[in-house]
There are 2 protein chains.
Amino acid sequence: MNSVEDLQQIVAEILSIDAEVEVKAQARLDNLTKPQGSLGKLEWLAARTCAIKKDLAAKVDRKTILTFAGDHGVVAEGVSAFPQEVTPQMVLNFLAGGAGVNVLAKHVGAEVRVIDVGVASEVNGEGLIVKNVRRGTDNMAKGPAMAVTEALAAIKAGMEVARDAIADGAEIIGTGDMGIGNTTPSAALFAALLPAKVEEVTGRGTGINDAALQNKIRVIEKALAVNSDRLGSPLEALAAVGGFEIAAICGAIIEAARCRIPVVVDGFISTAAALVAIRLNDKIKDYCFFSHMSAEQGHRIFFESMGLEPLLHLGLRLGEGTGAALSMGLVEAGLKIMNEMATFGEAGVSESE
Amino acid sequence: MNSVEDLQQIVAEILSIDAEVEVKAQARLDNLTKPQGSLGKLEWLAARTCAIKKDLAAKVDRKTILTFAGDHGVVAEGVSAFPQEVTPQMVLNFLAGGAGVNVLAKHVGAEVRVIDVGVASEVNGEGLIVKNVRRGTDNMAKGPAMAVTEALAAIKAGMEVARDAIADGAEIIGTGDMGIGNTTPSAALFAALLPAKVEEVTGRGTGINDAALQNKIRVIEKALAVNSDRLGSPLEALAAVGGFEIAAICGAIIEAARCRIPVVVDGFISTAAALVAIRLNDKIKDYCFFSHMSAEQGHRIFFESMGLEPLLHLGLRLGEGTGAALSMGLVEAGLKIMNEMATFGEAGVSESE
């Protein structure tokens, strides 16, 4: 994939999920020893996974979380509570297994793959997948964060990493992010693509105070103004006010949909990436499970605008793929319900009158 | 425990959870490589579990779900979509491992214990714990469902079963219920003890239609009117408009609190039992994790009235302990975060500016 046209062709070829398989899966669920629909979203997760995979025997035993890291020139504007050096430090923490995503991935039996797609400094560590497009974006408050060709390169990197994970056996993909300052480009993308008011989609990220929040809102408004002639398409907006890891997550989501693999979208940043993918082809939405409602203000606006519902409401706001990990466990639970519960006939249980 | 006075003494002796340990646990969480509080309720679950157990090294590796079964004379009033024979049929399904609770318990590594505390017909099955107080309650629309001595006997049975599970190593207890018709006594208990309007706390249970719902509301109103002089205390209300499995769940919750073991309260029916326990001693509330917001109308009223929040919002309405199972996995995830994540110092990650 080397051009805008290539990307457009790739996303245009993504097929709808299989509604007929979803109906058949639900019929199987309805014959199990429980009132119909009484396991709520667990049943929906199971039926939807079958519809995505076109397979009534769908499994998600092998789970991979892809955590993409990138840096952001806009941190020069004082939008984050943590210094930029934390991005590579956390990449090393992921590789050492000490971060939140490592613990929760292990809890649900998922593998974590860590990808440098745009960290500002050189990172070396065993297991790191290096796909660095450039060492951090430019300051979007002063011009485009990336060239369109760079955004395309990051999307391509995300697609490649997802394709490799699927080739290695992943039956479900989770997304994750690391990038100091990345709630700022994410909020800008929500503002541009939902669209929404900047103050509605801008929150405190890792924990800024009131004054810094007001500054962050002004920075995002400035970025959108400076780049106003570069917001005409989802891809241009992604390049102008996005980030490398956001573009790569977008690519991973596109590739998962192409391969008919369910993708569990993590929090605020991953959802901004998913929004770009969905704006490229609305069918991609049906391949996504949105893991949780982030505590980051603005995530709610996405769900309301899109008529979608997240799975968990646990006040998470860490990113990394932590929410995706927890929700992968729910998808697996739903499939186990479908495959391991007894039917009314098998158990000799009387049905509803 | 053989008298009302005995029960009163037992619940009066329950101590507060350890606020100091909770603060220390949160301090440890705050030193891990993540913005403070960014894992939301997972952090709260970890700190609260430590406070309950008075132990910063608290674990919930060994998990037991107690699923209590009982029948209800009020089914004669046409309040349920399923026939009463389903109660013993489902008990056998639990013992055979084919029910929803079995699948979800296995998913999170929990054991399920099944207790007949008031099934209307004789049930025999390998592994069944038999504590049958009487073969089903009387029709509460015509008089008290149970004598107070019977409610006490069922509470005692629940306490014994919980004590045995804890003696066998359970580090966390989950509650579950089976009893055709049991949303009816549960709604009556919410109406009597929150208190709340009957129509606000009465829902469709396993799936009744509009006409049956109106009938169910009338039946509950009649039960509360017929028993109006028996609602003066939580125990009397439990006896008059409750059920054997509800009383036993109440006993299990009391015993867990006595033993400083966290108890994950399942859905609508288990919450009605928890409400009785909390009305006996408000401190018991802090030992409970409420697993989910049931799709059953009225559950929401409990949370709003009590200022409490459930963990999951997945549209579950099955009971059995299914929601408790899923939430036990979250408690474990929270503790793993506390115990397995790297600190800022260990990982060489810079802290917030």
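**A look at the relation of the copies chain A and chain B**
With an axial shift of 0.0 Å and an RMSD of 0.0 Å, the rotation relating chain A to chain B amounts to 180°. Considering both components of the superposition, the chain copies are consistent with a two-fold axis. Considering only C-alpha atoms, the part of chain A nearest the rotation axis is L312 of chain A, at 3.3 Å. Comparing interface residues between copies, 100% of those in chain A also sit at the interface in chain B, which points to an isologous, same-surface contact.

**Examining the packing of aromatic side chains**
A full pass over the atoms with the stated rule returns 14 aromatic pairs over all chains. Seen from their ring centres, F190 of chain A and F268 of chain A are 5.0 Å apart, and the 50° between their planes marks the pair as tilted. Of the two residues, F190 of chain A sits in helix α7 (residues 183–193) while F268 of chain A sits in helix α12 (residues 268–280), which places them 78 residues apart along the sequence. Arranged with centres 5.5 Å apart and planes meeting at 75°, the rings of W44 of chain B and F289 of chain B form a pair that is edge-to-face. With W44 of chain B in helix α3 (residues 40–53) and F289 of chain B in strand β6 (residues 288–290), the pair connects residues that are 245 residues apart, well separated along the chain. Taken together, the aromatic side chains of F190, F268, F290, F302 and F303 of chain A make up a single cluster linked through ring pairs.

**Some points on the domain arrangement of chain A**
Often, the extent of an interface is quoted as the loss of accessible area on bringing the components together. Residues and elements named next belong to chain A. Partitioning chain A into structural domains gives domain 1 (4–57 + 339–347) and domain 2 (63–330). Averaged C-alpha coordinates put domain 1 and domain 2 at centres separated by 27 Å. Counting residues at the interface gives 20 residues for domain 1 and 23 residues for domain 2. Overall, the association of domain 1 and domain 2 removes approximately 2,100 Å² of surface from exposure, summing both partners, and the carbon and sulfur fraction of that is 67%. Among the residues domain 1 hides against domain 2, the three largest losses belong to L7, I14 and I52. Together they make up 31% of the total. Counting the contacts that link domain 1 with domain 2 gives two salt bridges. R48 serves as the salt-bridge partner of D286, at 3.7 Å between the closest nitrogen and oxygen. The dominant element in the side of domain 1 that touches domain 2, judged by the number of residues it contributes, is helix α3 (residues 40–53), at nine residues. For the side of domain 1 that touches domain 2, a count of residues per class yields 13 nonpolar, two polar and five charged.

**Overview of the pattern of salt bridges**
For the coordinates displayed, the defined rule picks out 35 salt bridges over all chains. K216 of chain B is the salt-bridge partner of E296 of chain B, the closest N and O atoms lying 3.7 Å from each other. A residue pair is termed long-range when its members are at least 10 positions apart, and E296 of chain B in the loop between β6 and α13 (299–306) and K216 of chain B in helix α9 (residues 210–226) qualify at 80 residues. The burial state of E296 of chain B is the same as that of K216 of chain B; both residues are buried. Here the salt bridges share partners, and the residues they tie into one network are E22, R48 and D286 of chain A.

**A word on the confidence of the model for chain A**
Across chain A, the average pLDDT comes to 97, with 100% of residues at or above 70. Under the prediction, the complex receives an ipTM of 0.97, its pTM being 0.98.

**Concerning the sheet that holds β6 of chain B**
All names here are of chain B. Here six strands make up an open sheet; going across it, the order is β3-β2-β1-β4-β5-β6 and the pairing parallel. Strands at the two margins of the open sheet, each flanked by one partner only, are β3 (129–130) and β6. Two strands pair when backbone bridges link them, and strand β1 (residues 63–70) and strand β2 (residues 110–118) are joined in this way by eight bridges, in the parallel orientation. Note on β2: the bridge partner recorded for L66 is R113. The strands that helix α5 (residues 100–108) touches are β1 and β2; relative to β2, the one it contacts most, it runs at about 145°.

**With respect to helix α6 (residues 148–167) of chain B**
Residue and element names in this part refer to chain B. Helix length check: α6 (20 residues) gives 28 Å between terminal C-alpha atoms against 28 Å at 1.5 Å per residue, within 8%. Among the residues of α6, E150, A151, L152, A154, I155, A157, G158, M159, V161, A162, A165 and I166 are the ones counted as buried. Positive backbone phi, at 115°, marks G169, one or two positions downstream of α6.

**A short note on the environment of A225 of chain B**
The topology assignment puts A225 of chain B in helix α9. Separated by 21 residues in sequence, A225 of chain B and I246 of chain B place their C-alpha atoms 21 Å apart.

**Notes on a negative patch on the surface**
All names here are of chain A. On the surface, E199, E200, E221 and E304 cluster together to form a negatively charged patch. Along the polypeptide, E304 turns up in helix α13 (residues 299–306). Take E304: its relative accessible area is 56%, and that puts it in the exposed class.

**Describing the packing of helix α11 (residues 244–258) of chain A against α12 of chain A**
Geometrically, a packed helix pair is captured by the angle between its two axes and the distance between the axes. Residues and elements named next belong to chain A. Their axes nearest at 8 Å, the elements α11 and α12 cross at an angle of 55°. Between α11 and α12, the angle is such that the two are oblique. The two elements α11 and α12 cross, and the hand of that crossing is right-handed. Touching I246, I249, C250, I253 and I254 of α11 are I269, S270, A273, A274, V276, A277 and L280, all from α12.

**Considering the sheet that holds strand β1 (residues 63–70) of chain A**
Think of a sheet as strands paired side by side through backbone hydrogen bonds, with each pair either parallel or antiparallel. Residues and elements named next belong to chain A. The six strands are arranged β3-β2-β1-β4-β5-β6 in an open sheet whose pairing can be described as parallel. Across the chains shown, the open sheet's two edge strands, defined by having one partner strand only, are β3 (129–130) and β6 (288–290). Sheet topology note: the strand β4 (residues 172–178)/strand β5 (residues 263–265) ladder contains two bridges and is parallel. Residue I173 lies in a different strand from β5, and its bridge partner there is V263. Each of β1, β2 (110–118), β3 and β4 is contacted by helix α6 (residues 148–167), which is oriented at about 155° to β1, the strand it contacts most. Sheet contacts for helix α14 (residues 322–340): β1, β2, β4, β5 and β6; angle to β4, the most-contacted strand, approximately 165°.

**Examining the interface of chain A and chain B**
Contacts between the two partners involve 55 residues from chain A and, on the opposite side, 55 residues from chain B. Taken together, both faces of the contact between chain A and chain B bury some 4,400 Å²; the carbon and sulfur share is 63%. Seen at the junction of chain A and chain B, the total is zero salt bridges. For the interface between chain A and chain B, the tally reads 18 residue pairs in polar contact (both at pLDDT 80 or more). Elements that contribute at least two residues to the side of chain A that touches chain B include exactly α3, α4 (86–96), α5 (100–108), α14 and α15 (344–347) of chain A. The class makeup of the residues in the side of chain A that touches chain B is 25 nonpolar, 19 polar and eleven charged.

**Points about the layout of surface pockets**
Roughly 260 Å³ of volume is contained in the largest pocket. If you go around the largest pocket, you meet 16 residues; those closest to its centre are H107, V108 and G329 of chain A together with H107 and G329 of chain B. Contributions of two or more residues to the lining of the largest pocket are made by α5 and α14 of chain A together with α5 and α14 (322–340) of chain B. For the lining of the largest pocket, the per-class residue count stands at nine nonpolar, four polar and three charged.

Conventions adopted
- Numbering of residues starts from 1 in every chain and runs along the sequence as written.
- A letter from A marks each chain and a number from 1 marks each ligand, given out in the order of writing.
- pLDDT decides what is reported in this predicted model: residues at 70 or higher carry local features, side-chain atom pairs at 80 or more are listed and counted, and totals for whole chains, interfaces and linings draw on all residues regardless.
- To get the side-chain values, all heavy atoms of the structure are used, and hydrogens and water are removed first.
- C-alpha atoms of residues with pLDDT of at least 70 in both copies form the basis for the least-squares superposition of the copies.
- Contact definition: two residues touch when any of their heavy atoms are within 4.5 Å.
- Only Phe, Tyr and Trp rings are paired, with Trp represented by its six-membered ring, and only when their centres lie within 6.5 Å; those with planes under 30 degrees apart are stacked, over 60 edge-to-face, the remainder tilted.
- Numbering goes from the N terminus for both helices and strands, where a helix is a DSSP run of H or I of at least four residues and a strand is a run of E of at least two.
- For the purposes of this description, domain bounds are those given by an automatic or database domain assignment.
- Summed over both partners, the accessible area lost on bringing two parts together, with a 1.4 Å probe, is the buried area.
- Salt bridge criterion: a side-chain nitrogen from Lys or Arg within 4 Å of a carboxyl oxygen from Asp or Glu.
- Each residue is assigned to one of three groups, with Ala, Val, Leu, Ile, Met, Phe, Trp, Tyr, Cys and Pro labelled nonpolar, Asp, Glu, Lys and Arg labelled charged, and all others, Gly among them, labelled polar.
- Burial status follows relative accessibility: with a 1.4 Å probe on protein chains alone, a residue under 20% of its type maximum counts as buried, one over 50% as exposed, and anything between as partly exposed.
- Confidence of the predictor in every single residue is expressed as pLDDT, which spans 0 to 100.
- Only strands that DSSP links by at least two bridges are regarded as paired with each other.
- Here, axes are lines fitted to C-alpha atoms. For helices the fit covers the stretch in contact, and angles between N-to-C directions go from 0 to 180 degrees.
- In this analysis, the expected span of each helix is defined as 1.5 Å times one less than the number of residues it contains.
- A patch is a set of surface residues, each over 30% in relative accessible area and not in a salt bridge, joined within 9 Å for like charges and within 5 Å for the nonpolar side chains Val, Leu, Ile, Met, Phe, Trp and Tyr.
- Every accessible area reported is derived by Shrake-Rupley at a probe size of 1.4 Å, with residue values counting cover from the shown protein chains alone.
- Lys and Arg are tallied as positive, Asp and Glu as negative. Neither His nor the chain termini are counted.
- Where a charge sits is defined by one atom per residue type, namely NZ (Lys), CZ (Arg), CG (Asp) or CD (Glu).
- If an angle is under 35 degrees, it is roughly parallel; if it is over 145, roughly antiparallel; if it lies from 65 to 115, roughly perpendicular; otherwise it is oblique.
- Crossing handedness is defined as follows: a turn of the near helix away from the far one that is anticlockwise and smaller than a right angle gives a left-handed crossing, while the clockwise case is right-handed.
- Throughout this description, a polar contact denotes any pair of N or O atoms lying within 3.5 Å of each other; where both atoms belong to protein, one of them has to be capable of donating a hydrogen while the other can accept it, and for residues adjacent in sequence the pair is counted only when both atoms sit in side chains.
- Cavities and pockets are found on a 1 Å grid laid over the protein atoms alone: a cavity is a set of points where a 1.4 Å probe fits but cannot escape, a pocket is an open set with protein on both sides within 12 Å along at least five of seven lines, and a lining residue has an atom within 4 Å of such a point.
- Grid points are joined across faces, edges and corners, and a volume is the space filled by probe spheres set on the points.

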